[in-house]
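Structure assessment
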Amino acid sequence: MASDESSLRALENLMTEFFHSCTTNERKREIEELLNNFAQQTGAWRHCLFFLSNTRNEYVMMYSLTVFENLVNKMWIGLASQDKMEIRSCLPKLLLAQHKSVPYFIRNKLCKVIVDIGRQDWPMFYHDFFTSTLQLIQTPALAPLGLVMLKTTSEELACPREDLSVARKDELRKLLLEQVPTVLGLLTGILETYWDKHSVITSTPPPSPTSREGVELLGSLFQGSQYSKLLCQPMAALDNESHQLCCLVLECLAHLFSWIPLSTSITPTLLASIFHFTRFGCDLRTKAKTGPLISSTSNGQLNPETMRTSNGDSRNGQQSEINKADRARLGVLAMTCVNELMSKNCVPMDFEEYLLRMFQQTFFLLQRLTRENNAHTVKSRLQELDESYLEKFTDFLRLFVSVHLRRIESSPQFPIVEFLGLLFKYTFNQPTHEGYFACLDIWSVFLDFLTTKIKSRLADRESVLDRYKDALVLLLREVLNRIQFRYNQAQLEELDDETLDDDQQTEWQRFLRQSLEVVAKVMELLPSHAFSTLFPVLQENLDVYLGLRQFIITTGSGRRLNITAENDCRRLHCSLRDLSSLLQAVGRLAEHFIGEVFAARFTDALAVVERLVEVTCYGSQTGLYDLETAVPSVLKPDLTDVHAQALAALQAYSHWLAQFYSEVHNQNQSQFINLITSAVNASSPLITTKVPEKLLLSSSCLMVSITATVRPVFLVSLPAVQNIFNRITTENQAQRLPQEAHILVCRALSNMLLLPWPNLPESEQQWHTRSNSHASLVAALTREYRILRGTVNISPRQPGLDNVKAVIQQTLPVLRDIVDSISGESTKSRQICYQSLQESVQVTLNLFPVFIQQPDVTDEVLAFFLTLFQALRVQMGVAFTGQIIHTFLSMFTREQLAASILQEGSAGCRVVQKFLKILQVVVQEPGQAFKPFLPSILSLCMEQVYPVVAERSSPDVKAEMFELLYQILHQNWRYFFKTSVLTSVQRGGVDDAMENEAQFTAAMQAFGQSFLQTDIHIFKQNLSYLESLNSKHKLYHRKLFRTSMLFHFINVLLQVLLHKSHDLLQEEITLAIYNMASVDFDAFYSAFMPEFLNGCQGVDSNQRAVLARNFKLEQDLPSFTQSVQRLVNDLRYYRLCNSSLPTGTIKL
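Residues numbered from 1 in each chain as written. Predicted model: local features only at pLDDT ≥ 70, side-chain atom pairs only at ≥ 80, totals over all residues. Heavy atoms only, no water.

**A closer look at unusual backbone geometry**
For clarity, the threshold we go by: Put simply, DSSP marks the helices as runs of H or I at least four residues long and the strands as runs of E at least two long, and each gets a number from the N terminus on. Exposure categories follow from relative accessible area, calculated using a 1.4 Å probe and restricted to protein chains: below 20% of the type maximum is buried, above 50% is exposed, and the middle band is partly exposed.
Of note, the amide linkage connecting Trp122 to Pro123 takes the cis form, showing an omega dihedral of 0°. Checked against the element boundaries, Pro123 lands in the loop between α6 (104–121) and α7 (129–138). The backbone of Asn759 sits at a positive phi, close to 65°, despite the residue not being glycine. Structurally, the position occupied by Asn759 is in the loop between α31 (739–754) and α32 (767–781). Exposure remark for Asn759: the relative accessible area of 33% places this residue in the partly exposed category. Non-glycine residue Lys1060 carries a positive phi angle of around 55°.

This is the structure we're talking about:
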């Protein structure tokens, strides 16, 4: 005893020292080692039992419990049965004796250790484990402790970790499911007891008419529902102790509901009890009201004695009603229970009635939340509620609409339209932006549901739409109002329009985008109505914008906008912001005017496009972006943004313009020609360095869309277009547009000359003239670049080197973009493009060896060649392509590659990636032209790149190298296997005539090696490549693979599952193992499995026999998958058990 006492004092001192702020890390390590050694001693638990009984030091308690936890989870199997019995007896006694005096986290840890013992021994050796928990729950004074035990049991036994065999996991689940009805019955009883409705009703006066929460608000929803009356009863006033107990019950239920299936064990009474508590979240009670206070007495009966006396004190002087935050917590926990049930998609037939009942009860709450009275508007009510409760309620609505609406919508007992009315009020009174976004998502899901329903029921489309039309009309109008400063200025000004989120959009942009998605979805359902709602609002704001011309005055210092009054400036700012948003809305709707509905909606679309053309022309002619204003920091960006959004909205209608062009090409085209001419006239003056870049980019994008999508024949002859040609081809460095805009404008000019005109035969395409014009354009764009042809060598310190680099880095992206934009076009377009570029391509190839040591330049050069190979390899011809590949292969020495690859993320690394991408394009080319390069490409891949990346992470280069390897194998299978799959099958799959076997084997080894490394992306990519080669070329069936590689691959994949290093890919790995095993199931079961199990370390022969017996000889995928999962789980479990046995243990 004395030694235990002294050990305890020493341990307390050590613990205090360990956690003291002055203790050094070195000393902490010493203490840690000492404690670990103590814990490893046989019988250390006895000392810990003494420590737990005799200390008040929390650190010592925690340490002692950790020793027990380790003992139970890692060494239990090797412990003497007498010791186990003693521990099973002592720890529950300790818990009962100390649960009130120790901190809650010590109590919870002790509960967990006891539950861990139950997980190992119940029911065989610890038969009263569960019954003692139930007894605790039924003993009023110990009920909280029992509930903590129950929740811990649910957490640890229902979904146990892997330190149990599959058989034991199944047994525990079955045992728990048998207890579910009893447990739910007990929990229901507690909730009912603590909500003593009769005592509340009898001692509470009836509610006054003004506060009546009448059912008539949503009459049809609750016709004949007994719950409507129950839910209208006054709230119970719980004391703190009762509140704590009810919280624990609801926490238990929430966890139980997460794993028990929906069944009749979840009774109507239980649901009703939970719903009573959901009300705690939506009843506003800022002050404690006089009224009955429910508390628990020692015998568990309700005690009406604790009525408040006239002086406001409670009679027993102890209890006080719970505060607002505690009430909200009850509501949140109850809603968590509801949502756990709601999230289950699999609903048995006999549970559907319960679901309907749940919806009725929850919508009663929704009605309360959105009820207006004299004291509160809906918004102020929602603002006063707990934020977590509102989140939970919104989650409920989302689950209802996304998972269950299809079940309930047609039920006569469920008035869907009235529900949408409540959801509408709930949405548009949300106190936070996040809450509003979440509700908009719910509407999006509902609109998708409705759209799908209508598409599948074309016959009664109109009747379905009529049912919802009013709700949709209201929704559209309100969402449009919400994005306008005119109606919602206070809220919109709170939105951040500067900080970008993970999706690269600001809070304002996200708000607008989500709102416009809802508008677009309503437009799809009610096109004419949506248009007639939106267009007049747009017109109204446009009139303000177009009327600004009269306020422009010219002064000595320039032109200015003569609106100076602060109020006028503010109104103008709001109007311009709204116009900008509405222009985006109009652009978003463009897709609903094309295709089959083009003719039906032509008039509306024409009105929009004419208006947009008018606005863009007006903006460019008056140069509003260039005006001086009274508040330049606000109005100038506003004016620029409206102009840019008008151009962007017009660009969105380019597909409509293209359809218009094809419809009228044989008729009077004057209307179409006027629209295009005006659009180009609006864009042309903005293509200059003198305008804000936002406008320059918008006008350049519009020009690209007109030239690529609409492609009018007359475009190139328009004076405004000629101006752009002249500006771009004669510009010097001082006038040069910023690179992004310059590239876009060059693409537009090139498109006009290269892309075939629609609606015209080949003979009228004027290819000869256009070809000459294109050659002149490219010549002008590459004037400075082609002068570099003579550059033979450079030194890093050469004075003009930076200028040379600048020319290369300015010119090649432009040429690359021109090539990229015609990659999917006709042969003629690509031929003309290559003719124009031929000289520049030759210059680039000559410059490549000169700049090989300059990775930033080489990166640009290879990016250009990659695009050339992807788009124009046929036009370049075999001879020249061969010359390029030869140059590359000779320049990239092993040293050069290694130096580049080792600098991960550098320009050099990107160069190697692009080089490998170019080779991917080459090896995918059909025909024999590039086959002579295969050996040298394979050699580069396996002998130069692979050795450098094999043992390093180098994820980017590795990904490209393995893709190249896959493409070599896939596109050039006959290079390795001369016989086709068909021949192989006809000959019984025996004769696999192979060539280049060594290279094939090396490639397979590289794939196998990648499965031993940690990079999950490479693992996933390479596994999919192997599976693809198997499905396309029967890789796993090939004799070489089958005889010398198959078992190695299966072994590696099983080891990966055992090590849990790539758990995210479990399904893919198991499927690959199945596909490999299915080549020859007999060999897999008779040869591989015994060999694999014999090679497994850490298990004995009996355990191997059990593992082999449990792996069922099934050949279907589901059974095989189950067997693999069982093997992996049980093998890990056996190893864990065996590693925890004391040395020298004899296993029988």
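**Looking at the packing of aromatic side chains**
Under the convention used in this document: Stacked, tilted and edge-to-face are the three classes assigned to paired rings of Phe, Tyr and Trp, where Trp is represented by its six-membered ring and a pair needs centres within 6.5 Å; plane angles under 30 degrees give stacked, over 60 edge-to-face, the rest tilted. Over a ring means this: the NZ of a Lys or the CZ of an Arg is within 6 Å of the ring centre and within 35 degrees of the ring normal.
Applying the stated criterion across every chain yields a total of 68 aromatic pairs. On the numbers, 5.7 Å between centres and 35° between planes, the contact of Tyr436 with Phe511 is tilted. One end of the pair, Tyr436, is in helix α19 (residues 433–456); the other, Phe511, is in helix α22 (residues 507–525), and 75 residues separate them in sequence. Here Tyr436 and Phe511 have matching classes, each one buried. Each member of the aromatic cluster is reached from another via a ring pair, and the members are Phe1047, Tyr1074, Phe1081, Phe1084, Tyr1085, Phe1088, Phe1092, Phe1111 and Phe1120. Seen from the ring of Tyr436, Arg482 lies directly overhead, with NZ or CZ sitting 5.7 Å from the centre. When the ring centre of Trp757 is taken as reference, the NZ or CZ atom of Arg770 above it lies at 3.9 Å.

**Describing helix α5 (residues 81–98)**
Going by this rule: One less than the residue count of a helix, multiplied by 1.5 Å, gives the span that helix is expected to have. This arc corresponds to the set of directions leading from the helix axis out to the C-beta atoms. Should any heavy atoms of two residues lie within 4.5 Å, those residues are counted as being in contact.
For α5, spanning 18 residues, the distance from its first C-alpha to its last is 26 Å, which sits close to the expected 26 Å at 1.5 Å a residue. Taken together, the buried positions of α5 are Asp83, Lys84, Ile87, Arg88, Leu91, Leu94, Leu95 and Gln98. Down the axis of α5, the buried set is contained in an arc of 145°. They therefore lie on one face. Exposed residues lying more than 90 degrees from the buried face of α5 are Ser81, Gln82, Lys93 and Ala97. In this structure, the buried residues of α5 make contact with α3 (44–54), α4 (58–75), α6 and α8 (143–158).

**Some details on the pattern of salt bridges**
As a reminder, the rule being used: We define a salt bridge as a contact between a side-chain nitrogen of Lys or Arg and a carboxyl oxygen of Asp or Glu at a distance within 4 Å.
For the coordinates displayed, the defined rule picks out 41 salt bridges. One salt bridge in this structure joins Asp83 and Arg46, with 3.2 Å as the shortest N-O distance. A residue pair is termed long-range when its members are at least 10 positions apart, and Asp83 in helix α5 and Arg46 in helix α3 qualify at 37 residues. On the basis of relative accessible area, Asp83 is assigned to the buried category, the value being 18%. Salt-bridge contacts for Glu566 lead to Arg570; the nearest nitrogen and oxygen are separated by 3.0 Å. One end of the pair, Glu566, and the other, Arg570, are both in helix α24 (residues 566–588), four residues apart, so they sit about a helical turn from each other. The class of Arg570 is partly exposed, set by a relative accessible area of 40%. Among the ionic contacts, a cluster of salt bridges with common partners joins Glu69, Lys109, Lys112, Asp116 and Arg119.

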